[in-house]
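Listed below, chain by chain, are the residues.
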Amino acid sequence: MNSTVASEGPSQATVKGSYTYGSITDKIADIVLERRTTPGFAIALAIAGAFTVLFIVAIAYLFATGVGIWGVNEPVAWAFALTNFVWWVGIGHAGTFISAILLLLRQKWRTSINRFAEAMTIFAVAMAGLMPILHLGRPWFFYWLIPYPDVMNVWPQWRSPLVWDIFAISTYIIVSILFWYMGLLPDVATLRDRAHKRWQQVVYGLLALGWRGDARHWQRFDTTYLLLAGLATPLVISVHSVVSLDFSIGNVPGWHSTIFPPYFVAGALFSGFAMALTLGIPLRALFKLHDFITDRHLANMAKLLLACGLIVDYSYAVETYTAFYSADRYETYAIMNRMTGPYAWVYATVMFCNVVTPQLIWFKRIRAMPVVLFAIAAIVNVGMWLERFMIIVVSLHRDFLPANWGFFTPTFWDLATLAGSLGTFALLFLLFVRFLPAISMSEMRKLNEETRGVDR
Amino acid sequence: MLDLPPIVDRRSFMKLMSASIALAGGACTRAPLEPIVPYARQPEGMVQGEPLFFATALTRGGYAHGVLVESNMGRPTKIEGNPAHPASLGSTGPLEQGRILELWDPDRSRVIQHLGQIDSWENLASLIRSRGQRWQADGGEGLRILAGGVSSPTLLAQWRLLLEKYPRARIHHYEPVNRDNVYAGARASFGRPLEPVYHFDRARVIVSLEADFLGGLPGHVRYARDFSRGRRPEARSMNRLYVVECMPSITGAAADHRLARRSSEIHSLALRLAAATTGPVSADALPWVRSAAADLQQHHGASLVLAGDEQPPEVHALAHHLNEVLGNRGATVDFIALPVTTAQSNRDSLAQLVEDMRHGRVDTLLILGGNPLYDSPVDAGFAEALRSASVSIHFGLHHNETSRHCTWHVPAAHELETWSDATAYDGTVTIQQPLIAPLYGGRPVHEMLAALTGDFDSTAHSLVRNYWMGVFGNQQPEERWANCLRSGVVSESTARYENTQAAKAVVGDAGATAAVGTVPDPKEIELAFRPDPTLWDGRYANVAWLQELPKPMTQLTWDNAAFMSDALAQQLQVTNEDVVELEVGNRTLRAPVWVVPHHAEHALTLYLGSGRTAAGPVGTGHGVNAFALRTQNAPWFAGGVKVRKLNERYRLATVQSHHRLEGRPIIRAGTLADYLHDPQFARQESDRRAASLYPDVPRAEYAWGMSIDLASCIGCGACTIACQAENNIPTVGKSEVIAGRELHWIRVDRYEDAAAGAQRTLFQPVPCMQCEHAPCELVCPVEASVHDAEGINVQVYNRCVGTRFCSNNCPYKVRRFNFLSYSKEDAQSAALHNPEVTVRMRGVMEKCNYCLQRVVRGRISADRDDRALRDGEVVTACQAVCPTQAIVFGDLNDPHSEVRAAKGSSRTYTLLGELNTRPRTTYLARVVNPATGRDPSEDGGER
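Given the structure is predicted, the values throughout are model-derived calculations rather than measurements.

1. Brief notes about the overall build of chain B
Piece 1. The helix and strand inventory of chain B stands at 28 helices and 39 strands.
Piece 2. Its C-alpha atoms give chain B a radius of gyration of 31 Å, near enough to 30 Å, the size a compact globule of 943 residues would have.
Piece 3. In terms of its C-alpha atoms, chain B occupies a principal-axis envelope of roughly 135 × 90 × 65 Å.
Piece 4. For chain B, restricting intrachain contacts to residue pairs at least 6 apart in sequence, the fraction spanning at least 24 positions comes to 74%.
Piece 5. When the accessible surface of chain B is totalled, it reaches about 35400 Å², and 53% of it is carbon and sulfur.
Piece 6. Positive and negative side-chain charges of chain B, numbering 96 and 104 respectively, have mean locations separated by a distance of 2 Å.

Next up, the structure:
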């Protein structure tokens, strides 16, 4: 039966076209099992691999020589590493939002995008988790931040936000991996059953943990999935709030602001949706998944992007207003310095990328153009990175005593570490697309069944 | 079960067992005997782990500074002042602190060289013997000695002996930074060369004609102490300082009224001052002159006019004249003849030597120390003339620019490695004793001289001792010798002031003064040469601590630059780090530009001592060589300089890039009138102790605190380098300083801003504040930043993982991070390090900890004697070295401690007090004393 849509037109379809259980499974599983690796994919993999090698080299040189290979100094003791950390963690939040919160809110359109969004989260948090270790002066002692009983009875210093980060990030990565893996189980089992090659059968078989599609399996699956979604939901708010406390607990003018937790969470979702769009649009284009990731999905993600962007823009306004309202000379100077000081170009770029550009999404025509959405999303990604940079570096470089005012200039290794993390992320994502189903087959089958023939 | 068949039969068993025993027993031998010997006969008084202090002196240019050297297990590791020595009173300047690194410098020469090959003392000795025979015959006609400033009585006696033996030999003097002008000025006034000795504690009004008495003059540490005694507003009166100078110095920064003029213009200004002082005051147009003249007139016998070493003799004569007229001689200034005061000027002495060499009259030249091929006047022709001496022996610490062109080089023993003696600025003699046997086979200077006279057997010890035994005569010589060594002062050697009553100053009629001399063209650019505040004349170029010590008026490290005023820079259309070409006469030099506020307009200054080519790996290749433009007749300032902007830039390493206070109450300053009107003028509303959610820090037996008096601090930077020496702080190198990673635990911030009615240079030493509510402790994830019970915030190096959150959260930015492996781990560094302080590895945060090692040592001593610590028993390194004693440290629990008294002053304020960090280190507001009814900002105005 065709799916007909009464009032909203084909662009509002959650699944376009008519599919059966089998055809959905075929379409998605074939990407993994049947499709040959195209030269384009191989080239993309090679490039991502090259940047991954650069990443490894940068890390090795960093450990061998010290943090001094970066541009950090006194007073700017944190720069690229922390910016990367906050940016990557932020990106991850959108995936969890889509997977968990939208599930609990019963938004059916999250079905086709939640798998790769959750994968994006895991890879982003993996990159994020590396950064705090890399930025340490003595990274081989990073485990001292983790509370473990040692013979000297020395524990971490609980009042430090960096220790809270340990809890937040590790909780986040564990829950995210569990959640993602849980959802993967039926799909991996499907791949196991459909695989031709022996190694695929073995690997997928191991990963499937003996899933048989039994009714009891499904019942436990549903319950566990809901529970994990419930666990993951508060993490969307808490993790980035904790990350933001890294700054707002500090007394640096420009950091010491109570709006940081909601501001950062909104910013996280903002950059996360941007990255989801950046990944999802090419994914659907290259693998011809237009029927599953429809224009409606893109439009919804774009709307969420705009909504979060508006909250972020409001936060910028509040920050500026509060600084002047406080009449504190240091806070006032910090804001004025951002806008007119040596890093004014950063501020201007951030405003353009994060405030001006997303306003295009108000227009329905724009929302219907994936290429434009992709461009907006890329611009927002850059803008959000620069915004983290602005918060960290531009606040640090001029604080209380003018004698301490300094400047930060990135070195080659700063850029190499950032580029390397992007490359590694891309590599992981490409491998994910290659070896695992990029869309949740079991959930799509269920969705298709529920919505087939029903007016939407 | 027990009846198991045997695995092995009895025979085989016996065979096996005996074989095993044979193997075990036969192969085993007794461990080799390695007899160890207990340290049964230890040096007397040495306790393992306790440092010993030995008194000696360090000289520069012939002026001694009495020091106590800390010796750990026979290794000298730190220089402290000698409280018993009048030039020191317990303090030193920054340059003395660097001498330890100079001693241990691995780039010192270690072998005798002859024409570039390693040679032996025996060969040199036989050469000297053979020459000696010739000299016996011709009276030493071809023998010449070139030395720097010498104040050693023993060495001078050796010279007399040499000249008696070889009457036609000659001894020449050349110091690049010399006092020729002083001697010539004294000769004009008193008929013979004399040196002035100032008593700043008795002067209420001081007028300095480019005399950097706080930073550069011999005796500057003592002068700083005496001067600062008159800067205590609590006494309800302060001295007043007028300074006119070309290149800003710390003396100018301390001035109540500062005037910027080119060096050549100071002569006419001095004439105007003399006219106004001896005649009607109001005749002069310049407020600075009127005010200074009025003050001088009102302080007969309690004022002081002094001229800098760079000023020509006429200005010195004027100063002597004024002091005479004002009745200051005998009160605030006296005159003495020191061993270093020579009849012939340095310039002429060197010129004569060059002349002799050019005419082939010199066959043997001994250069005692120094570096004339680098620092002699560029038109003296020394390098070329040197070639005509068939034997030239360079005797010095390093194989430097000069020794490379001499036929022989002999490594010298460092002042800390040899017996000698030296005279201070006021005539006090110190017998120098060695702290360690020569590290690199260096030869003491006395043995070198003795060898020249044919005595190859005497040691420096015997020579010095014999001399002094001769002086002591039969008045308990052994006891006196021991006392002199112990105290570091030869008593009754100080200051036999000349009775110059008969001397008249000859300057001509004051009325005819106005049009004297050529008034320099105001548009012409003049180039001034000044000794470098940290490298002096380049002799310390290889001392990394001194290269990295920020120079007080510019905060530059590792290089020198062409300093100029903002106005000149705008006129030339150059900015900082642009490279310009300077042309003096027909010589050129390229130098980067650096703008210095308060520099005289139409003038440039270059510091001497940089641009060396053979200073060792640390010192070579930094900065530009100002000696390339310095001529015999214009050693201190040269006119008619052409400046051409080149299309080049040169990175300079500065530790501070922003110099304005931005309206923040960081340095609080007021006039004496403000203070008398309201002693609490420095207090602000935000200083009030605010409530805190954090619990108060409980007080233990001791509560350490510190107070820094900004009215006394002169910004010399001695505290910075003393801390570096005491706490094993590594240097990071020029590129790392540019990156912003210098590691100084106490730094001296320098601001150029309006304060107390004028644009002033404001200094503020900033160590760790040891906040009671330390923001750094809150954010360290591994608890490496902790508070001890006595109030010190302690950094646990072993625990630090290097997140650097503490640095971000420190509003004072006193925390220093080891971004790379800066600390060296070679044997040399291990030897010179203070054994009581951990050396930090890479990735670890470090900072000032109130010299915790000294606190602990003090506590241990007190515990051992079962008593409490007395005030003054624990002295931090910065406190000890400060020439003006601006830093006071002690126990806040002790009601009679000096620090309690200092903090009780109404001038006390807390830096960034509104942040409620409750620092244990507080400041006393700066108070200046401009003339009432006068606006000091007028000083720079009219001409």
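2. Re the packing of helix 3 (residues 80-104) of chain A against helix 14 (residues 412-435) of chain A
All names here are of chain A.
Piece 1. It is the contact of helix 3 with helix 14, at a shortest axis distance of 10 Å, that shows an interaxial angle of 25°. Comparing their axes, helix 14 and helix 3 come out roughly parallel. Relative to helix 14, the crossing made by helix 3 is right-handed. Where helix 3 abuts helix 14, its residues F80, N84, W87 and W88 lie against D414, L415, L418, S421, L422 and F425.
Piece 2. Across the contact of helix 3 with helix 14, the residue classes break down as 7 nonpolar, 2 polar and 1 charged.

3. Quick word on the pairing of strand 3 (residues 75-81) of chain B
Residues and elements named next belong to chain B.
Piece 1. Summarising burial for strand 3: 6 of the 7 residues are buried, a large majority.
Piece 2. Pairing analysis gives 6 bridges linking strand 2 (residues 63-72) to strand 3, with the strands arranged antiparallel. Each residue of the ladder has a partner; that of N72, found in strand 3, is R75.
Piece 3. Between strand 2 and strand 3, which pair antiparallel one after the other, the connecting turn spans 2 residues, and M73 there sits at a positive phi close to 50°.

4. With respect to helix 7 (residues 215-248) of chain A
All names here are of chain A.
Piece 1. The first and last C-alpha atoms of helix 7 sit 49 Å apart over 34 residues, in line with the 50 Å expected at 1.5 Å per residue.
Piece 2. Along its length, helix 7 reaches its greatest deviation from straightness, about 35°, at L235.
Piece 3. A side-chain oxygen of the first residue of helix 7 lies 3.2 Å from the backbone nitrogen of R216; this N-cap is D214.

5. Points about the confidence of the model for chain B
All names here are of chain B.
Piece 1. Of all residues in chain B, 95% attain a pLDDT of 70 or more, and the chain-wide mean is 92.
Piece 2. Throughout residues 505-517 the model reports pLDDT below 50, and contacts reaching past four residues in sequence, or to other chains, amount to 13 contacts.
Piece 3. Across the whole predicted complex the pTM is 0.92, and at the interface the ipTM reaches 0.93.

6. Quick look at the sheet that holds strand 29 (residues 704-709) of chain B
Residue and element names in this part refer to chain B.
Piece 1. In spatial order, the strands read 36-29-38-37; together these 4 strands make up an open sheet with mixed pairing. Edge positions in the open sheet fall to strand 36 (887-891) and strand 37 (908-909), since each of these has one partner strand only.
Piece 2. The pairing of strand 29 with strand 36 spans 5 bridges and is antiparallel. Within the sheet, the bridge partner assigned to G705 lies in strand 36 and is G890.

7. Quick notes on the pattern of salt bridges
Side chains carrying opposite charge are able to pair once their charged atoms draw close together.
Residues and elements named next belong to chain B.
Piece 1. Inspection of the entire model under this criterion finds 60 salt bridges over all chains.
Piece 2. Between K78 and E80 there is a salt bridge whose closest N-O contact spans 3.6 Å.
Piece 3. E80 sits in the buried class, given a relative accessible area of 8%.
Piece 4. Across the pair R857 and E836 runs a salt bridge whose closest N-O atoms are separated by 1.9 Å. Separated by 21 residues along the polypeptide, R857 in helix 26 (residues 852-864) and E836 in the loop between helix 25 (827-832) and strand 35 (845-846) bring together distant segments of the chain.
Piece 5. R857 gets classed as partly exposed once you look at its relative accessible area, which sits at 22%.
Piece 6. On the accessibility criterion, E836 (28% relative accessible area) is partly exposed.
Piece 7. A cluster of three or more residues bridged by salt bridges with shared partners is formed by E577, D578, K645, R649 and R651.

8. Looking at the pairing of strand 17 (residues 420-423) of chain B
All names here are of chain B.
Piece 1. The alternating pattern of strand 17 places S420 and A422 on one face and D421 and T423 on the opposite face, and all of these are buried.
Piece 2. Pairing between strand 17 and strand 18 (residues 429-432): 4 bridges, direction antiparallel. Its bridge partner being in strand 18, D421 is matched across the sheet by I431.
Piece 3. Count of turn residues in the strand 17/strand 18 antiparallel hairpin: 5 residues, of which G427 carries a positive phi of about 95°.

9. Side note on the domain arrangement of chain B
Residue and element names in this part refer to chain B.
Piece 1. The assigned domain composition of chain B is domain 1 (41-180 + 340-488), domain 2 (195-336), domain 3 (520-654) and domain 4 (669-928).
Piece 2. Each of domain 2 and domain 3 was reduced to a C-alpha centroid, and the two centroids are 27 Å apart.
Piece 3. Taken together, the contact pairs 18 residues of domain 2 with 27 residues of domain 3.
Piece 4. Carbon and sulfur atoms supply 67% of the area that domain 2 and domain 3 bury against each other, a total of about 1700 Å² over both sides.
Piece 5. Sorting the residues of domain 2 by area buried against domain 3 places M247, R262 and E310 first, and these three jointly supply 42% of that buried surface.
Piece 6. Scanning the region where domain 2 abuts domain 3 turns up 1 salt bridge.
Piece 7. A salt bridge links E210 to R530, with the shortest nitrogen-to-oxygen separation between them at 2.8 Å.
Piece 8. Joining domain 2 to domain 3, the criterion identifies 7 residue pairs in polar contact (both at pLDDT 80 or more).
Piece 9. Elements with a contribution of two residues or more to the side of domain 2 that touches domain 3: helix 8 (250-253) and strand 11 (257-260).
Piece 10. Class assignment of the residues belonging to the side of domain 2 that touches domain 3 gives a composition of 7 nonpolar, 4 polar and 7 charged.

10. What to know about the packing of helix 11 (residues 344-356) of chain A against helix 13 (residues 370-396) of chain A
Residues and elements named next belong to chain A.
Piece 1. At a minimum axis distance of 8 Å, the contact between helix 11 and helix 13 shows a crossing angle of 140°. As helix 11 runs across helix 13, the sense of the crossing is left-handed. Mapping the contact onto sequence places V346, Y347, T349, V350, C353 and N354 in helix 11 and I379, V380, G383, M384, L386, E387, F389 and M390 in helix 13.
Piece 2. For the contact of helix 11 with helix 13, the residue count by class is 10 nonpolar, 3 polar and 1 charged.

What counts and how
Positions within a chain are numbered from 1, following the residues in the order the chain's sequence is written. Chains and ligands are labelled sequentially in the order written, the chains with letters from A and the ligands with numbers from 1. Residues qualify for local features only when their pLDDT is at least 70, as the model is predicted, and side-chain atom pairs are given and counted only at 80 or more; totals for whole chains, interfaces and linings, by contrast, use all residues. Water and hydrogen atoms play no part in the side-chain values, which are based on all heavy atoms of the structure. Secondary structure follows DSSP: runs of H or I at least 4 residues long count as helices, runs of E at least 2 residues long count as strands, and numbering of each begins at the N terminus. The globule rule is 2.2 Å times the number of residues to the power 0.38, and the radius of gyration it is compared with is taken over C-alpha atoms. The contact rule is simple, with two residues in contact once any of their heavy atoms fall within 4.5 Å. For the area figures, the Shrake-Rupley method with a 1.4 Å probe applies, and any residue is considered shielded solely by the protein chains shown. Positive: Lys, Arg. Negative: Asp, Glu. His and the chain ends are not part of the count. Taken as the charge location is NZ of Lys, CZ of Arg, CG of Asp or CD of Glu. A fitted line through C-alpha atoms represents every axis, and for helices the fit uses only the stretch in contact; the resulting angles, taken between N-to-C directions, go from 0 to 180 degrees. Roughly parallel means an angle under 35 degrees; roughly antiparallel, over 145; roughly perpendicular, 65 to 115; everything else is oblique. In this scheme, a crossing is called left-handed if the near helix is turned counterclockwise away from the far one by less than a right angle; it is called right-handed if the turn is clockwise. Each residue receives one of three labels: charged for Asp, Glu, Lys and Arg, nonpolar for Ala, Val, Leu, Ile, Met, Phe, Trp, Tyr, Cys and Pro, and polar for the others, Gly being one of them. Only protein chains enter the calculation, and the probe is 1.4 Å; a residue is then buried if its accessible area is under 20% of its type maximum, exposed if over 50%, and partly exposed in between. Pairing between two strands requires that DSSP report at least two bridges joining them. Helix span is expected to be 1.5 Å times the residue number reduced by one. In this analysis the local bend is the angle between axes fitted, respectively, to the seven residues ending at and the seven residues starting at the residue. Contacts described as polar in this section are N or O atom pairs within 3.5 Å, which, within protein, must combine one atom able to donate a hydrogen with one able to accept it, while residues neighboring in sequence count only if both atoms come from side chains. Confidence scores here are pLDDT values: one per residue, from the predictor, ranging 0 to 100. Each salt bridge in this description consists of a side-chain nitrogen of Lys or Arg and a carboxyl oxygen of Asp or Glu lying within 4 Å of one another. A domain assignment, automatic or from a database, supplies the domain bounds used here. Once two parts are brought into contact, the accessible area they lose, counted with a 1.4 Å probe and summed over both, makes up the buried area.

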